[in-house]
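Per-entry structural report
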Amino acid sequence: MLVIGERINATRRTIRDAVESRNIDAIVHEAKIQMEMGADYLDVNCGTVSATEEPEVMQWLVQGLEAAGPFPLCIDSANPDALSAGLAACQGRTIINSTSGETERFEKVLPLIAEYDADVVALCMDDQGIPPDSAAAERVGRNLVWRLLDAGIAADRIYLDPLVRSVATSPEAVPGTLELMQSLAKTFGGLHFISGLSNVSFGLPERRHLNRAYVVMSIFGGLDAVIIDPLDEALGALMFAAEALMNRDRFCMKYIGAYNQGKLAAR
């Protein structure tokens with residue numbers, strides 16, 4: 001399971017304050033604790049600043065992290081100029097978060113994928129927005145992957161995010177998402193599936209239970225990457241357990257290793 005740590009995001013007050021005061025030490029602290037807790041990449045998002053400021057702020061963030069690390073980064077923005085600024089400052093291979101089937105966004109992000117030899121998160125949406133049901137989502141996702149493949153992006157560099165809807169308003173959302181992943185995996189060998197957790201539980205109490213259950217179920221469906229808070233030890237333990245149960249952890253070696261490192265102690 002590829003884990004992308006979500007905590008360097010300016011929607012969080014501590015990060016927003018650090019960005020506004022240009023306190024790179026606070027940012028680096030967040031980076032280090034996420035890596036210590038098992039993150040493979042660190043998502044970097046400063047989207048709360050204005051569109052004109054965002055490229056400069058993204059460059060500052062990435063340069064500061066690279067100087068202190070380097071850390072493997074996932075550059076996260078809906079602003080192509082901010083993506084470009086962050087990618088230019090990266091020293092190693094990175095992940096772009098994100099493109100989509102929206103015409104303008106796809107056309108502006110595609111050259112960046114090629115220029116920086118980056119992997120890419122592809123959001124399952126198009127010019128009509130987020131698909132209203134699982135049938136439409138499969139159609140949109142399939143079309144988006146074909147467009148990326150036709151542009152020369154290998155399937156194993158694509159992380160498709162099905163953009164699961166909230167079960168509070170769409171009770172069929174999770175079964176439909178599992179079916180979508182299983183169907184597209186049969187067509188596109190090597191394609192990755194990624195998910196954040198916030199949408200599935202939106203509008204419901206004690207959201208962490210739904211989020212954790214969704215990840216475990218999605219591992220059965222083919223999910224192999226997540227954007228999460230790596231400090232959620234219970235979620236981490238459940239992911240190790242689910243991968244072992246799904247024969248994605250040969251002889252449970254990762255599970256045993258996690259136990260030896262004290263990563264399964266959460267109750």
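A few points on the structure. (Residues numbered from 1 in each chain as written. Predicted model: local features only at pLDDT ≥ 70, side-chain atom pairs only at ≥ 80, totals over all residues. Heavy atoms only, no water.)

1. Brief notes about the overall build of the protein chain
- From N to C terminus, the protein chain includes ten helices and eight strands.
- Relative to the compact-globule value of 18 Å for 267 residues, the protein chain shows a C-alpha radius of gyration of 18 Å, a close match.
- Across its three principal axes, the protein chain shows a C-alpha extent of roughly 45 × 45 × 35 Å.
- Relative to its full complement of 267 residues, the protein chain shows a buried share of 50%.
- Partitioning the intrachain contacts of the protein chain with sequence separation of at least 6 by distance along the chain shows that 67% fall at a separation of at least 24.
- Charge-centre separation for the protein chain: the mean point of 23 positive side chains lies 5 Å from the mean point of 36 negative side chains. (Helix = DSSP H or I, 4+ residues; strand = E, 2+ residues; numbered from the N terminus. Rg over C-alpha atoms; globule rule 2.2 N^0.38 Å. Buried < 20%, exposed > 50% of the residue type's maximum accessible area, 1.4 Å probe, protein only. Contact = heavy atoms within 4.5 Å. Lys, Arg positive; Asp, Glu negative; His and termini not counted. Charge placed at Lys NZ, Arg CZ, Asp CG, Glu CD.)

2. Side note on the nonpolar core
- Leu65, Leu73, Ile96 and Leu160 are the most contacted members of the largest nonpolar core, which has 65 residues in total.
- Discounting residues that sit within four places of it in the chain, Leu65 has contacts with Ile8, Ile24, Ile27, Val28, Ala31, Val44, Pro70, Phe71 and Leu73.
- Ile4, Val121, Leu163 and Ile227 belong to the second largest nonpolar core, which has 13 residues in total. (Core = buried A, V, L, I, M, F, W, Y, C linked by side-chain atoms within 4.5 Å.)

3. Comments concerning the side chain of Ser218
- The topology assignment puts Ser218 in helix α8 (residues 207–221).
- Taking the relative accessible area as the measure of exposure, Ser218 reaches 0% and is therefore buried.

4. Here's the deal with the packing of aromatic side chains
- One pass over the full model with this rule turns up one aromatic pair.
- The cationic tip of Arg147 hangs over the ring face of Phe106; the distance from NZ or CZ to the ring centre is 4.0 Å.
- When the ring centre of Phe251 is taken as reference, the NZ or CZ atom of Arg250 above it lies at 4.7 Å. (Phe/Tyr/Trp six-rings, centres within 6.5 Å; stacked < 30°, edge-to-face > 60°. Lys NZ or Arg CZ within 6 Å of the ring centre and 35° of its normal.)

5. Notes on the sheet that holds strand β4 (residues 95–100)
- With respect to topology, eight strands assemble into a closed barrel ordered β1-β2-β3-β4-β5-β6-β7-β8, the strand pairing being parallel. Between one strand axis and the next, the sheet turns by 30° as a mean value, whatever way the strands run.
- Both strand β3 (residues 73–76) and β4 contribute to a ladder of three bridges, which runs parallel. Residue pairing in the sheet places Asp76 in a bridge with Asn97 of β4.
- Sheet contacts for helix α4 (residues 80–89): β3 and β4; angle to β3, the most-contacted strand, approximately 160°. (Pairing = 2+ DSSP bridges. Axes fitted to C-alpha atoms, helices over the stretch in contact; angles between N-to-C directions.)

Scope: geometric values only; no functional claims are made or implied.
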